[in-house]
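In case you want the letters, here they are:
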Amino acid sequence: MTTPLLGTSSFLVPVTSLYAALNAFLTLALSINVSAVRTKLKIFRGDGGHAGLGSAIRAHGNNVEQVPLALILLLLAELSGGGSTPLHIFGGALLVARLAHAFGMLRGSPVQAVGATLTLVVQLGLAGWVLWLRPWG
């Protein structure tokens, strides 16, 4: 099967597509968690001063804030000819980082800091790699 845009039915950016989908599942799970906690506590605006709901809201919000930049950088690296192995290393590290951060936020665990730090390391590494790949020529 061919498409006018790509010429084939294969994905143009298979690695980024994989990690975008996996991170979307995480974001959706965190969103569902916020709704479940809200329903359980009968708090439908704000966090009502409830620490658990505040943590659920921030775990979701922080994921929404951090993942897009990393995925954009992963996409730019893939489009700039970055190899499959480093793309999977960065993408896998991002997913592990975001899972650790969410777990830490929801459980009050210091693993949250590990997840936050690893997320920043992934973003920094991807930004440097994109520059090293010289997508501008």
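Residues numbered from 1 in each chain as written. Predicted model: local features only at pLDDT ≥ 70, side-chain atom pairs only at ≥ 80, totals over all residues. Heavy atoms only, no water.

Asks: Could you clarify how one ought to interpret the overall build of the protein chain in this entry?
Replies: Scanning the protein chain from N- to C-terminus turns up 4 helices and 0 strands. The linear arrangement of helices and strands in the protein chain, starting from the amino end, is α-α-α-α. Expressed along its principal axes, the backbone C-alpha trace of the protein chain runs to roughly 50 × 35 × 20 Å. Counting over 137 residues, the protein chain shows a buried share of 35%. In the protein chain, the proportion of contacts linking residues at least 24 apart, taken out of those at least 6 apart, comes to 63%. When the accessible surface of the protein chain is totalled, it reaches about 8000 Å², and 71% of it is carbon and sulfur. (Helix = DSSP H or I, 4+ residues; strand = E, 2+ residues; numbered from the N terminus. Buried < 20%, exposed > 50% of the residue type's maximum accessible area, 1.4 Å probe, protein only. Contact = heavy atoms within 4.5 Å. Areas by Shrake-Rupley, 256 points an atom, 1.4 Å probe, with all protein chains shown as cover.)

Asks: Hey, could you run me through the UniProt feature "transmembrane region" (unreviewed entry) in the protein chain in this one?
Replies: UniProt's entry tags residues 12–36 and 113–132 with the feature "transmembrane region" (unreviewed entry), counted in the numbering of this structure. The distance separating the terminal C-alpha atoms of residues 12–36 is 37 Å; by composition the span is 92% helix and 0% strand. Annotated as residues 113–132, this span is 100% helix and 0% strand, and its ends, taken at the C-alpha atoms, are 28 Å apart. (UniProt positions renumbered as here; feature names shortened; annotations may be inferred.)

Asks: Explain helix α2 (residues 51–79) here, please?
Replies: Spacing of three or four residues puts side chains on the same side of an α-helix, whose turn is 3.6 residues. Between its first and last C-alpha, α2 extends 42 Å over 29 residues, near the 42 Å set by a 1.5 Å rise per residue. Its axis deflected by about 25° at Val67, α2 carries its strongest bend there, up to four residues before the proline Pro68. Where α2 terminates, the next one or two residues include Gly81, which has phi positive at roughly 95°. (Expected span 1.5 Å × (residues − 1). Bend = angle between axes of the 7 residues up to and from the residue.)

Asks: How do you make sense of the side chain of Ser109 when you look at a structure like this?
Replies: Among the structural elements, Ser109 can be located in the loop between α3 (84–107) and α4 (111–133). With a relative accessible area of 19%, Ser109 lands in the buried category.

Asks: How do you make sense of the nonpolar core when you look at a structure like this?
Replies: For soluble globular proteins, nonpolar side chains are generally found buried alongside one another. By size, the foremost hydrophobic cluster in this structure holds 16 residues, and its most contacted members are Leu71, Leu74, Ala77, Leu87, Phe90, Leu126 and Trp129. Elements supplying a minimum of two residues to this core: α1 (14–41), α2, α3 and α4. Considering every element that reaches this core, the biggest residue donor is α2, with 6 residues. (Core = buried A, V, L, I, M, F, W, Y, C linked by side-chain atoms within 4.5 Å.)

Asks: Is there a simple way to think about the environment of Ile43 in this case?
Replies: As for its placement among the helices and strands, Ile43 is situated in the loop between α1 and α2. Here Ile43 falls in the buried class, since its relative accessible area comes to 15%. Here Ile43 is in contact with Arg38, Gly48, His50 and Leu53, once residues within four sequence places are set aside.

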